[in-house]
Amino acid sequence: AADVNTMSFNAKMCAMVSDACYARPGDRPEVIQVAWKGSSTSLRLDCQIDYVEFCVYANDTVAVLSFKGTDCADDIVVDAGMVVTGLLSSNIGALTFGRHNAGITTFKSKYGKLFKIVTGHSLGGTYAVKVAEAMSDIQEVHVFNSGPVEGIPHKSCYTHHHIVGDLISANTGNQMFVEHLAGNWRTISYTCHSEATSRHSLDNFTK
């Protein structure tokens, strides 16, 4: 397993945006400063696409759409169901995205010329893959200790950042190991960060 300090700059950026997404609208930081491996950038919250379930941070060159992971009783129920069945309920997906299709449409149209990334942690990773599959011009998808995904993702831009020993994400993307043959899904396994609160927690990737 790799050391989490070997993460790419874009992965670190996505982890920090995913962390900000856990805050409620109105409480999210207006600006995120990312400094990693000698590179740095700043991203500003797009107040037009700032929902409970997802948000967007962007600058002049990149836009990051992030989905919130588990942080309430309803989310825990969804997580438990995914661990047992390996699937995201279509009813949950419809509930989450049906309310905010306009926001996702705005992301596609507003940032059409920028480098677009979709990200999420845990349940947010499952949602991120589900949405990215429906979008035609996403350059990268970075998910962290993601919940299971339905079927085989078709795009070749997915990277799953997984902490060894995390049970929730242990089999994510491993549809009978077909991703190793088709190349649609890349999993990078890391050792747990020494200061992380648990193997599943996002702070493995943000510290």
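Given the structure is predicted, the values throughout are model-derived calculations rather than measurements.

### Overview of the pattern of salt bridges
Throughout the structure, instances matching the rule amount to three salt bridges. Of the charged contacts in the structure, one is a salt bridge between Arg28 and Asp50, with a shortest N-O distance of 2.4 Å. Separated by 22 residues along the polypeptide, Arg28 in the loop between α1 (9-21) and β1 (31-36) and Asp50 in strand β2 (residues 39-50) bring together distant segments of the chain. Assessed through its relative accessible area of 5%, Arg28 is described here as buried. For Asp50, a relative accessible area of 19% puts it in the buried group.

### Side note on the pairing of strand β6 (residues 140-144)
With respect to burial, β6 is a largely interior element, four of its five residues being buried. Sheet topology places strand β5 (residues 115-121) next to β6; five bridges connect them, and they run parallel. Directly across from Ile117, in β6, lies its bridge partner Glu140. Crossover β5 to β6 through helix α5 (residues 123-133) is right-handed.

### Details of the sheet that holds strand β3 (residues 54-58)
Sheet strands associate in pairs through backbone hydrogen bonding, adopting either a parallel or an antiparallel arrangement. Spatially, β1-β2-β3-β4-β5-β6-β7-β8 is the arrangement adopted by the eight strands of the open sheet, whose pairing is mixed. Edge positions in the sheet fall to β1 and β8 (185-190), since each of these pairs with one other strand and no more. In this sheet, neighbouring strand axes are inclined to one another by 25° on average, regardless of whether the strands run parallel or antiparallel. Packing against the sheet, α1 makes contact with β1, β2, β3, β4 (62-67), β5, β6 and β7 (158-163), and its axis sits at approximately 150° to β1.

### Examining the confidence of the model for the protein chain
A low pLDDT means the predicted coordinates there should not be read in detail. The share of residues in the protein chain with pLDDT of 70 or more is 78%, and the mean pLDDT across the chain is 83. Per-residue pLDDT stays below 50 along residues 72-95; that stretch engages in 32 contacts with residues further than four places along the chain or on separate chains.

### Some details on the packing of aromatic side chains
Taken as a whole and assessed by the stated rule, the structure comprises five aromatic pairs. Arranged with centres 4.9 Å apart and planes meeting at 35°, the rings of Tyr51 and Phe54 form a pair that is tilted. Note on Phe54: relative accessible area 0%, which makes it buried. Lying across the ring of Trp36, Lys12 places its NZ or CZ 4.1 Å from the centre.

Conventions we followed
Residues numbered from 1 in each chain as written. Predicted model: local features only at pLDDT ≥ 70, side-chain atom pairs only at ≥ 80, totals over all residues. Heavy atoms only, no water. Salt bridge = Lys/Arg side-chain N within 4 Å of Asp/Glu carboxyl O. Helix = DSSP H or I, 4+ residues; strand = E, 2+ residues; numbered from the N terminus. Buried < 20%, exposed > 50% of the residue type's maximum accessible area, 1.4 Å probe, protein only. Pairing = 2+ DSSP bridges. Right-handed = clockwise from strand over helix to strand, strands pointing away. Axes fitted to C-alpha atoms, helices over the stretch in contact; angles between N-to-C directions. Contact = heavy atoms within 4.5 Å. pLDDT = per-residue confidence, 0-100. Phe/Tyr/Trp six-rings, centres within 6.5 Å; stacked < 30°, edge-to-face > 60°. Lys NZ or Arg CZ within 6 Å of the ring centre and 35° of its normal.

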